[in-house]
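Descriptive structure summary
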There are 2 protein chains.
Amino acid sequence: MPAAFPAEPQMSATAEEEAYRHIQRALRLGRYKPGDRLIPEEIAAEIGMSRMPVREAFRRLASDGLVVLRPNRGCVVAGLTVDELYEIFEIRSVLEGLAVRLAMPRIDEEEFEELERLLERMERAGQSGSSDWVVRHQEFHGRICALSRRPKLIHQISALHVVIEPYMRIWFDDCDKPHSAREEHAVVIAALRSGDELHAEKVMQDHILSTAPMLAEFVSPSR
Amino acid sequence: MPAAFPAEPQMSATAEEEAYRHIQRALRLGRYKPGDRLIPEEIAAEIGMSRMPVREAFRRLASDGLVVLRPNRGCVVAGLTVDELYEIFEIRSVLEGLAVRLAMPRIDEEEFEELERLLERMERAGQSGSSDWVVRHQEFHGRICALSRRPKLIHQISALHVVIEPYMRIWFDDCDKPHSAREEHAVVIAALRSGDELHAEKVMQDHILSTAPMLAEFVSPSR
DNA sequence: TAAAGTATTTTTGTATCCACGTATTATCAA
DNA sequence: TTGATAATACGTGGATACAAAAATACTTTA
């Protein structure tokens, strides 16, 4: 079974890895807010290690766009402007569109059932108000991407999901529009079933672009 | 004038930045070969700084996919398998396709002339055998991307160009197929002139995908 | 009150040290 | 010779203490 993204739950754990995971997790869950300053010393103490691995983790997080590193001014939690959020959704649309196109030929009946199972689980999470709707939603998209069998593509898409995750959570918490997401995603499955790769690609693109405006309202002005 | 990618030629230079630029440049030029081990001490001495900023630079380079960091085994120059190279070109095709689609409405006659100037400069570099044909080629693509006015999109595409740069150089050095690139790119400009965004997007996609197989022959087997 | 200068805090980088994993070499038995 | 095993060298990952530079905060003075 190909793993969906929230990737690499492996347990090798150098200190830097641990710091990276720890901070990333906090950011995904929205524990740190955009603009918050991350002080290496504090975080190091929190996890029980020295500054060095934490600072290294900062570099990676900055590469991921989760954090902004300004010379001599330390590490600040990144926030997205509305424009940036739209941009990410534009990028997601073509990337996940590509993933769908590539995945399509590999999807058999068994896989369709798995996708429908994931869709159902997502809906249940949505109804119960549990905010791991966001995680389920990622699993659904991640599953399709995984089927493309393109490691770098999967990685890039996954990284974008991490960046938007805090906003997805706010969106989910503040209103329950996500319920209508059921049909939205059912349409994607239907398109996959159609066997028309370019059609499915287009449907995925439209699906992703259509959610951007809804999210956009909840974006904090940021720096 | 919007800057083309080889981005950020700014001169703020923390030590980490310097290390990052230094190593990236060496990798782009192919001074280090895939599989080579990068020893922090050596590089630190080479640039005249301590290990720490070098180690931090490694993290970013690893995020960029230029280098592989394995726990307790240090830093090794990444190489691309044929599959990975194809994958990168697939990703480039949709990303740069998107950039073209977004850039199109902003291109005026002046900009077309600039693009033609860049194309000509690229050709001249190709004829003189100077290997900064690769740089000119990047400038051409970078210019179009810049017109999309999407910072994150530009950044991602730029990162991919950096990864494939060493292979582009090998390709260029070993044969002079790049000459035929003139028409290839002229077609892209023509498509931009057509005013049909989706057509131009498609043309750019095809252009990029068509170069992958030519490059693929020159890819080292890698790990 | 505004400007200038001083002090403090942070960030960044250096230098050193150590434990542990990996890789290499040397040793020894079959 | 060959293969397995032990000894060793090396590099990595990390800790810690310290120094320099920048940014921020705080006075003091005009």
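Since we're looking at a predicted model, the values are computed, not measured.

Another aspect to go through is the protein's contact with DNA strand C. Taken together, 17 residues lie around DNA strand C, and A:Arg37, A:Asn72, B:Ala15, B:Ser50 and B:Met52 are the ones closest in. Looking at DNA strand C alone, sugar and phosphate atoms form 75% of those within 4 Å of the protein. At 3.3 Å, a side-chain N or O of A:Arg55 approaches a phosphate oxygen of DNA strand C. Looking at the surface near DNA strand C residue by residue, the classes come out as 5 nonpolar, 5 polar and 7 charged.

The UniProt record annotates "domain: HTH gntR-type" (unreviewed entry) at residues 13-80 of chain A. Here residues 13-80 of chain A runs as 51% helix and 15% strand, with 30 Å between its end C-alpha atoms.

Accessible area lost when the parts come together is the quantity often used to give the size of an interface. All names here are of chain A. Assigned domains within chain A: domain 1 (15-77) and domain 2 (82-216). If you average the C-alpha positions of domain 1 and of domain 2, the two centres end up 28 Å apart. If you look at the interface, domain 1 gives 7 residues, while domain 2 gives 7 residues. For domain 1, the biggest contributors to the area lost against domain 2 are Arg28, Leu29 and Leu66; these three give 67% of the whole. If you look at where domain 1 meets domain 2, you find 1 salt bridge. Note that Glu165 and Arg28 form a salt bridge whose closest N and O atoms lie 2.9 Å from each other. The tally of links between domain 1 and domain 2 comes to 3 residue pairs in polar contact (both at pLDDT 80 or more). Across the side of domain 1 that touches domain 2, the residue classes break down as 4 nonpolar, 1 polar and 2 charged.

Moving on, we come to the pattern of salt bridges. Residue and element names in this part refer to chain A. Inspection of the entire model under this criterion finds 45 salt bridges over all chains. Arg143 is the salt-bridge partner of Glu111, the closest N and O atoms lying 2.6 Å from each other. With Glu111 in helix H5 (residues 109-127) and Arg143 in helix H6 (residues 133-147), this residue pair connects regions lying 32 residues apart in the sequence. There is no split in this pair, since Glu111 and Arg143 are both buried.

On to the packing of aromatic side chains. All names here are of chain A. This structure, assessed with the given rule, holds 4 aromatic pairs over all chains. Relative to Trp171, the ring of Trp133 has its centre 6.0 Å away and its plane inclined at 75°; by these criteria the two rings are edge-to-face. Note that Trp133 is positioned in helix H6 and Trp171 in helix H7 (residues 151-174), a separation of 38 residues in sequence. Residues Trp133 and Trp171 agree in their burial class; the two are buried. Here the aromatic rings of Trp133 and Phe172 are separated by 5.5 Å at their centres, their planes lie at 10°, and the arrangement is stacked. A residue pair is termed long-range when its members are at least 10 positions apart, and Trp133 in helix H6 and Phe172 in helix H7 qualify at 39 residues. Overall, Trp133 belongs to the buried group, its relative accessible area being 2%. Look at Phe172 and you get buried, because its relative accessible area is 6%. Ring pairs connect the aromatic residues Trp133, Trp171 and Phe172, which therefore count as one cluster. Its end group placed over the ring of Phe112, Arg193 keeps NZ or CZ at 4.4 Å from the ring centre.

Now for the relation of the copies chain B and chain A. Between chain B and chain A, which share one sequence, the superposing operator has a rotation angle of 180° and an axial displacement of 0.0 Å; the RMSD is 0.0 Å. Taken together, these values place the two copies in the relation of a two-fold axis. Taken as a fraction of all interface residues of chain B, those also at the interface in chain A reach 100%, which identifies the copy contact as same-surface.

What follows concerns the packing of helix H5 (residues 109-127) of chain B against helix H6 (residues 133-147) of chain B. Residues and elements named next belong to chain B. Across the interface, H5 lies against H6 with an axial gap of 8 Å and an inter-helix angle of 165°. By the angle between their directions, the pair H5 and H6 is classed as roughly antiparallel. Considering only the axes of H5 and H6, their crossing is left-handed. Every residue of H6 that contacts H5 at Glu111, Glu114, Leu115, Leu118, Leu119, Arg121, Met122, Ala125 and Gly126 is listed here: Trp133, Arg136, His137, Glu139, Phe140, Arg143, Ile144 and Leu147. Along the lines of polarity and charge, the residues of the contact of H5 with H6 split into 9 nonpolar, 2 polar and 6 charged.

Thresholds applied
Residues numbered from 1 in each chain as written. Chains lettered and ligands numbered in written order. Predicted model: local features only at pLDDT ≥ 70, side-chain atom pairs only at ≥ 80, totals over all residues. Heavy atoms only, no water. Near = heavy atom within 4 Å. Polar contact = N/O pair within 3.5 Å; in protein donor to acceptor, adjacent residues only side chain to side chain. Nonpolar A, V, L, I, M, F, W, Y, C, P; charged D, E, K, R; others polar. UniProt positions renumbered as here; feature names shortened; annotations may be inferred. Helix = DSSP H or I, 4+ residues; strand = E, 2+ residues; numbered from the N terminus. Domains from an automatic or database assignment. Contact = heavy atoms within 4.5 Å. Buried area = accessible area lost by both parts, 1.4 Å probe. Salt bridge = Lys/Arg side-chain N within 4 Å of Asp/Glu carboxyl O. Buried < 20%, exposed > 50% of the residue type's maximum accessible area, 1.4 Å probe, protein only. Phe/Tyr/Trp six-rings, centres within 6.5 Å; stacked < 30°, edge-to-face > 60°. Lys NZ or Arg CZ within 6 Å of the ring centre and 35° of its normal. Least-squares fit on C-alpha atoms with pLDDT ≥ 70 in both. Axes fitted to C-alpha atoms, helices over the stretch in contact; angles between N-to-C directions. Parallel < 35°, antiparallel > 145°, perpendicular 65-115°, else oblique. Left-handed = near helix turned anticlockwise from the far one by under 90°.

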